[in-house]
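Working through the structure, step by step
So you can see what is in the structure, the chains are spelled out below.
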Amino acid sequence: MSAQQTFLRDAMRRLNMTRDSFAERIGVRRRALDTWLLPEDSSEYRTMPSIVEKFVGEILGREAPSSESTQSAHKPLRERMGLDGKPHLISVDQFSRDSLEALFHVADIMQPIARRQKISRVLEGAVLGNLFFEASTRTRVSFGAAFCRLGGSVCDTTGFTFSSMAKGESIYDTSRVMSGYVDALVVRHPEKGSVAEFARATNIPVINGGDGPGEHPSQAILDLYTIGREFSRLGKLVDGAHVAMVGDLRYGRTVHSLIKLLALYRGLKFTLISPPSLEMPTYILDQISQNGHVIAQSHSLADLKGADVVYATRIQKERFADEAIEGYTPDFQINEALINQYCDARTIIMHPLPRDSRPGANDLSTDLNHDPRLAIFRQTDNGIPVRMAIFAILLGVDKQVQHSMRDAAWRSPSHIGPDDALFDGLD
């Protein structure tokens, strides 16, 4: 993403405007704005006039809303999104809307590195410890790749069997020992609250990669970042959106974190659709309802009607004890026929993955794979710039990234997947 793209996208986000309203506000045609937002290697790309850049800067100085105090806004982002004065990311509760959108601005800057167009080495010499005491492929590799893209190196471990904790070592001891080896830790653990215990034992950054049925903050951040990018392309705002969450809302930690982040915005409608025994926990509903959003709970997929976002999740069978999954039948599946029946052409379909793609599985159907509304691969791609931004902020190098970039020496494909939509990576 060029500096021009980053500047304009950040301005629209801070002013809470769609492309149409932003073009009208700065007095230009929508077509002109679109050409300024294209990649620099596009044949239709145009350089924004300097007078427009100056005008936008003046508008931001006067009109950009801020819910944080002036004193807080001047603090480094590392401090604003930290935990108890330490550079940890344990819960989405650490974020205000302003600090969240400041992180998104850093993620925008990371895009050309994540897309293999640029290189940065701001984390050269730093080592990441990926401690996954629960199986993971995508999250573990995504965090590792994000750290490497900034020039760092990664040490991985997966599972309890090969850890010292299998010999009775405490979380405190494990965290303190590992902190002597590495410069940051990403921890996934099957027990809720366990990652916070790792954080209490160290001063190096600790990032929650998922703590049982608790939270998965980086996933929720990349999900919301994806929604914002998709809405920007479609001329929508997150404020006032209708978001449907479908599936296992009781044990699905991704929806627990995402709904709390979405609640930082204004006037949302949440439609929560699940089997009867897998509803969203009451304590989360109580927290969200305090922010004035509309919440509707349902057991019928017919209530997807009118949703701007359909966020599907798989049933977390590994977290069940002896509970029966009442009402979870083959009909409880997001597929092309259902989406066509209840949703329109501008609905975004998301899933935190993995999805169960086996025949007869009650999960997000593979018959949507060629549907441009399916955003799951754009979603996973966005995990790299978002996690790069998290690392850069927590390690205090976020201000250095833009000036450290140089061109990549290798050739990368314009579209990562052979079936990617034409607009992938362009907005």
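The following refers to the structure shown. Keep in mind that this is a model prediction, so the values were computed, not measured.

1. Observations concerning helix H13 (residues 282–289)
Of the residues making up H13, those classed as buried are Ile284, Leu285 and Ile288. All buried residues of H13 fall inside an arc of 100 degrees around its axis, so they share one side. Buried-residue contacts for H13 involve helix H12 (253–262), strand S7 (269–273) and strand S8 (294–298).

2. Some thoughts on empty space enclosed by the protein
Taken as a whole, this structure holds 2 cavities of 30 Å³ or more when the rule is applied. What the largest cavity holds in volume is close to 290 Å³. Taken together, 20 residues make up the lining of the largest cavity; nearest its centre are Met12, Arg13, Gly228, Ser232 and Val238. For the lining of the largest cavity, the elements supplying multiple residues, two or more each, are helix H1 (3–15), helix H7 (97–114) and helix H11 (217–234). By residue number, the principal contributor to the lining of the largest cavity is H11, which donates 6 residues. In this structure, the second largest cavity occupies an estimated 60 Å³ of space. Around the second largest cavity, the lining is made up of 13 residues, and of these Gly247, Thr313, Phe332, Asn362 and Asp363 lie nearest the centre. Taken together, the residues of the lining of the second largest cavity sort by class into 7 nonpolar, 4 polar and 2 charged.

3. Description of the packing of helix H8 (residues 138–149) against helix H15 (residues 376–394)
Packing of H8 against H15 brings their axes to within 8 Å, and their N-to-C directions diverge by 60 degrees. Accordingly, the angle class assigned to the pair H8 and H15 is oblique. Note that H8 runs across H15; the crossing there is right-handed. Contacts between H8 and H15 involve Thr139, Ser142, Phe143, Ala145, Ala146, Phe147 and Arg149 from the former and Gly383, Ile384, Arg387, Met388 and Phe391 from the latter.

4. A short note on the sheet that holds strand S2 (residues 127–132)
Taking strand neighbours across the sheet as the criterion, the 4 strands line up as S3-S2-S4-S5 in an open arrangement whose pairing is parallel. The strands lining the two open edges of the sheet, one partner per strand, are strand S3 (153–158) and strand S5 (206–211). The mean angle between the axes of side-by-side strands here comes to 10 degrees, regardless of whether they run parallel or antiparallel. Examined bridge by bridge, S2 and strand S4 (residues 184–189) share 5 bridges and lie parallel to one another. Within S4, the position partnered with leucine 128 by the bridge is alanine 184.

5. Some details on the pairing of strand S6 (residues 242–246)
Across the 5 residues of S6, 5 count as buried, placing the element largely inside the fold. Burial along S6 is two-sided: His242, Ala244 and Val246 and Val243 and Met245, pointing in opposite directions, are all buried. Bridge count between S6 and S7: 5 bridges; the pairing is parallel. Note that in S7 the partner of histidine 242 across the bridge is lysine 269. Between S6 and its parallel partner S7, the chain crosses via H12, and the hand of that crossover is right-handed. Pairing of S6 with strand S9 (residues 309–312), which is carried by 4 bridges, proceeds in the parallel orientation. Residue pairing in the sheet places valine 246 in a bridge with alanine 312 of S9.

Rules behind the numbers
- Residues numbered from 1 in each chain as written.
- Predicted model: local features only at pLDDT ≥ 70, side-chain atom pairs only at ≥ 80, totals over all residues.
- Heavy atoms only, no water.
- Buried < 20%, exposed > 50% of the residue type's maximum accessible area, 1.4 Å probe, protein only.
- Helix = DSSP H or I, 4+ residues; strand = E, 2+ residues; numbered from the N terminus.
- Arc of directions from axis to C-beta.
- Contact = heavy atoms within 4.5 Å.
- 1 Å grid on protein atoms, 1.4 Å probe; cavity = no way out; pocket = protein on both sides within 12 Å on 5 of 7 lines; lining within 4 Å.
- Points joined across faces, edges and corners; volume = space filled by probe spheres on them.
- Nonpolar A, V, L, I, M, F, W, Y, C, P; charged D, E, K, R; others polar.
- Axes fitted to C-alpha atoms, helices over the stretch in contact; angles between N-to-C directions.
- Parallel < 35°, antiparallel > 145°, perpendicular 65-115°, else oblique.
- Left-handed = near helix turned anticlockwise from the far one by under 90°.
- Pairing = 2+ DSSP bridges.
- Right-handed = clockwise from strand over helix to strand, strands pointing away.

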